[in-house]
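# Tertiary structure, described
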Amino acid sequence: MQKIVKARFLCMERKFKTMSQHLLDIENLTVAVEDKEILHGVNLQVNEGETHVLMGPNGAGKSTLGYALMGNPRYEATAGEILFQGKRINEEGADKRARDGMCLSFQNPIEISGLTLSSFIRSAVEQRRGERARLSAFRKELGQAMELLQMDRAYGDRDLNVGFSGGEKKKAEILQMLLLKPSLAILDETDSGLDVDAVRTVSLGVKEYQKDREGGLLIITHSTRILESLHVDKTHIMVDGRIVKTGGAALVEEINRNGFEQYLGQQGCA
Ligand code: ADP
Ligand code: MG
């Protein structure tokens with residue numbers, strides 16, 4: 001009897017925790033770049049294990065949201081709240097946010113000479129885990145993820161993104177995500193400029209990440225190709241710095257058929 005009561009209590013406690021705390025909770029967020037307001041009061045909540053898609057035409061403010069979430073100092077949160085794992089992070093630096101488990105895959109990944117892809121990922125993994133990653137175990141894990149992404153092992157020993165093709169850079173971003181296992185991964189246009197095969201491979205990597213039901217995912221895209229074979233919980237449409245529509249996976253289909261035209265010029269969330 002006592003056991004049943006205890007189990008029930010634990011269950012209620014868990015339920016309360018998920019009800020009261022989102023993995024990411026963006027409330028009325030206003031963001032300015034060089035004194036120009038780009039985002040005008042964005043609300044968005046992502047729970048553990050959920051995949052959200054943020055779509056919208058070019059210049060809508062999607063990347064701005066990604067940068068502001070990650071703490072890029074050029075993107076200033078002028079009003080509103082960003083809560084990550086229940087804590088307000090508006091004033092926290094990008095380093096701290098990364099250590100706490102947020103990861104943004106860049107639209108245009110940077111090139112760094114003198115730092116190999118493999119050592120870059122290993123040091124990021126060590127910072128995230130707060131302990132040294134044993135070389136043999138790390139190499140094994142890296143090899144498995146590279147195989148999944150159909151990347152030649154030799155890429156691990158090449159300088160980070162230097163001379164990588166667009167597709168290879170995007171694969172390198174997904175590779176980092178698979179090894180880092182962030183609590184929240186934000187993918188900004190990871191599919192743009194990729195051929196059909198590369199999109200399929202990248203999408204395989206994202207699926208692998210989704211298997212870990214605790215990680216949340218925010219996929220920013222203006223095309224729908226990468227979403228074709230992925231599970232999507234919610235879709236948000238952003239136009240002119242505002243979320244004008246939120247729906248389920250079916251909204252992706254609708255955008256696929258009709259584009260963003262009908263949402264242009266809208267003012268608030270429907
Ligand atoms: P999206 O990713 O949806 O295509 P962005 O977030 O890149 O849109 O851009 C939204 C708006 O913010 C655009 O008008 C863009 O010119 C402006 N913007 C974004 N970043 C900067 C910046 N660093 N400096 C000046 N304007 C910027
Ligand atoms: Mg963008």
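The structure we're discussing is the one just above.
Report on the accompanying structure. (Residues numbered from 1 in each chain as written. Chains lettered and ligands numbered in written order. Predicted model: local features only at pLDDT ≥ 70, side-chain atom pairs only at ≥ 80, totals over all residues. Heavy atoms only, no water.)

## Description of the environment of R158
Defined as follows: Labels follow the DSSP assignment, with helices taken as runs of H or I lasting at least four residues and strands as runs of E lasting at least two, numbered in each case from the N terminus.
Tracing the chain through its elements places R158 in the loop between helix 5 (135-148) and strand 8 (159-160). Measuring from C-alpha to C-alpha, the distance between R158 and G114 comes to 8.9 Å, with 44 residues separating the pair along the chain.

## Brief notes about the environment of G247
Short version of the rule: Classification of residues uses two cut-offs on accessible area relative to the type maximum, computed with a 1.4 Å probe and protein chains only: under 20% is buried, over 50% is exposed, and between them is partly exposed.
Locating G247 in the fold gives a position in strand 12 (residues 242-247). Residue class for G247 comes out partly exposed when judged on its relative accessible area of 23%. Sequence spacing of G247 and V33 is 214 residues, and the spatial spacing of their C-alpha atoms is 28 Å.

## So, the pattern of salt bridges
Test applied: Within this document, salt bridges are pairs made up of a side-chain nitrogen of Lys or Arg and a carboxyl oxygen of Asp or Glu, the two lying within 4 Å of each other.
The final tally for this structure, using the stated rule, is 13 salt bridges. In this structure, R139 engages D157 in a salt bridge whose closest nitrogen and oxygen atoms are separated by 3.7 Å. Linking R139 in helix 5 with D157 in the loop between helix 5 and strand 8, this pair joins segments that are 18 residues apart in sequence. What you see here is one network of salt bridges that share partners, running through E81, R88 and E91.

## Side note on the packing of helix 5 against helix 6 (residues 166-180)
Condition: Only the stretch in contact is used when a helix axis is fitted, and all axes are lines through C-alpha atoms; the angle between N-to-C directions ranges over 0 to 180 degrees. In these notes the angle categories are as follows: under 35 degrees is roughly parallel, over 145 is roughly antiparallel, 65 to 115 is roughly perpendicular, and the rest is oblique. Crossing chirality is assigned from the near helix's rotation relative to the far helix, an anticlockwise turn below a right angle marking it left-handed and a clockwise turn marking it right-handed. What makes two residues a contact is simply this: any of their non-hydrogen atoms within 4.5 Å.
Two elements in contact, helix 5 and helix 6, have axes separated by 10 Å at closest approach and are oriented at 135 degrees. Between helix 5 and helix 6, the crossing angle belongs to the class labelled oblique. As for the relative orientation of helix 5 and helix 6, their crossing is right-handed in sense. Every residue of helix 6 that contacts helix 5 at F138, E141, L142, A145, M146 and L148 is listed here: L175, L178 and L179.

## Focus: the site of ligand 1
The criterion, for reference: Here a residue is near a molecule or strand as soon as one of its heavy atoms is found within 4 Å of it. By the criterion applied in these results, polar contacts are pairs of N or O atoms within 3.5 Å in which, for protein atoms, one can donate a hydrogen and the other can accept it, and in which residues neighboring in sequence qualify only through two side-chain atoms. All accessible areas in this document rest on Shrake-Rupley with a 1.4 Å probe, and a residue is counted as covered only by the protein chains that are shown. Each residue is assigned to one class: nonpolar for Ala, Val, Leu, Ile, Met, Phe, Trp, Tyr, Cys and Pro, charged for Asp, Glu, Lys and Arg, and polar for all the others, Gly among them.
Near ligand 1 there are 13 residues, and of these G59, G61, K62, S63 and T64 occur at the shortest range. In the model, an oxygen atom of ligand 1 is placed 2.7 Å from a nitrogen or oxygen of the G59 main chain. Notes on ligand 1: free accessible area 560 Å², of which the protein chains cover 68%. Of all the elements, helix 2 (residues 62-70) adds the most residues to the shell around ligand 1, at three residues. In terms of residue class, the shell around ligand 1 is built from five nonpolar, five polar and three charged.

## What about the sheet that holds strand 12?
Applied cut-off: Criterion used throughout: strands pair if DSSP finds at least two bridges between them.
If you trace the six strands from one edge of the open sheet to the other, you get 6-9-10-3-11-12, paired in mixed fashion. In this open sheet, the two strands that pair with only one neighbour each are strand 6 (102-105) and strand 12. This sheet shows a mean twist of 20 degrees between the axes of neighbouring strands, independent of strand direction. Pairing analysis gives five bridges linking strand 9 (residues 184-188) to strand 10 (residues 216-221), with the strands arranged parallel. Bridging from a neighbouring strand, L184 pairs with G216 of strand 10. The strands that helix 7 (residues 196-210) touches are strand 3 (51-55), strand 9 and strand 10; relative to strand 10, the one it contacts most, it runs at about 155 degrees. Taken strand by strand, helix 8 (residues 250-258) contacts strand 3, strand 11 (234-239) and strand 12, and its axis lies near 45 degrees from that of strand 11.

## Quick word on the side chain of Q210
With respect to the secondary-structure elements, Q210 resides in helix 7. At a separation of 2.9 Å, a polar atom in the side chain of Q210 contacts the main-chain carbonyl oxygen of H231. Those residues within four positions of Q210 in sequence are excluded, and the remaining contacts are T51, L217, L230 and H231.

## A look at the layout of surface pockets
Any empty space left between atoms is shown by rolling a water-sized probe over those atoms. Applicable threshold: In this analysis a 1.4 Å probe is tested at points of a 1 Å grid over the protein atoms alone, and where it fits but cannot get out there is a cavity; an open set with protein on both sides within 12 Å along at least five of seven lines is a pocket; lining residues have an atom within 4 Å of a point. Grid points are joined across faces, edges and corners, and a volume is the space filled by probe spheres set on the points.
Space inside the largest pocket adds up to approximately 830 Å³. Around the largest pocket, the lining is made up of 30 residues, and of these M70, A98, L104, F106 and F120 lie nearest the centre. Contributing elements (two or more residues each) for the lining of the largest pocket: helix 2, helix 3 (94-99), strand 6, helix 4 (117-129) and helix 6. Of the residues forming the lining of the largest pocket, the biggest block, five residues, is contributed by helix 4. Taken together, the residues that form the lining of the largest pocket break down as 18 nonpolar, eight polar and four charged.

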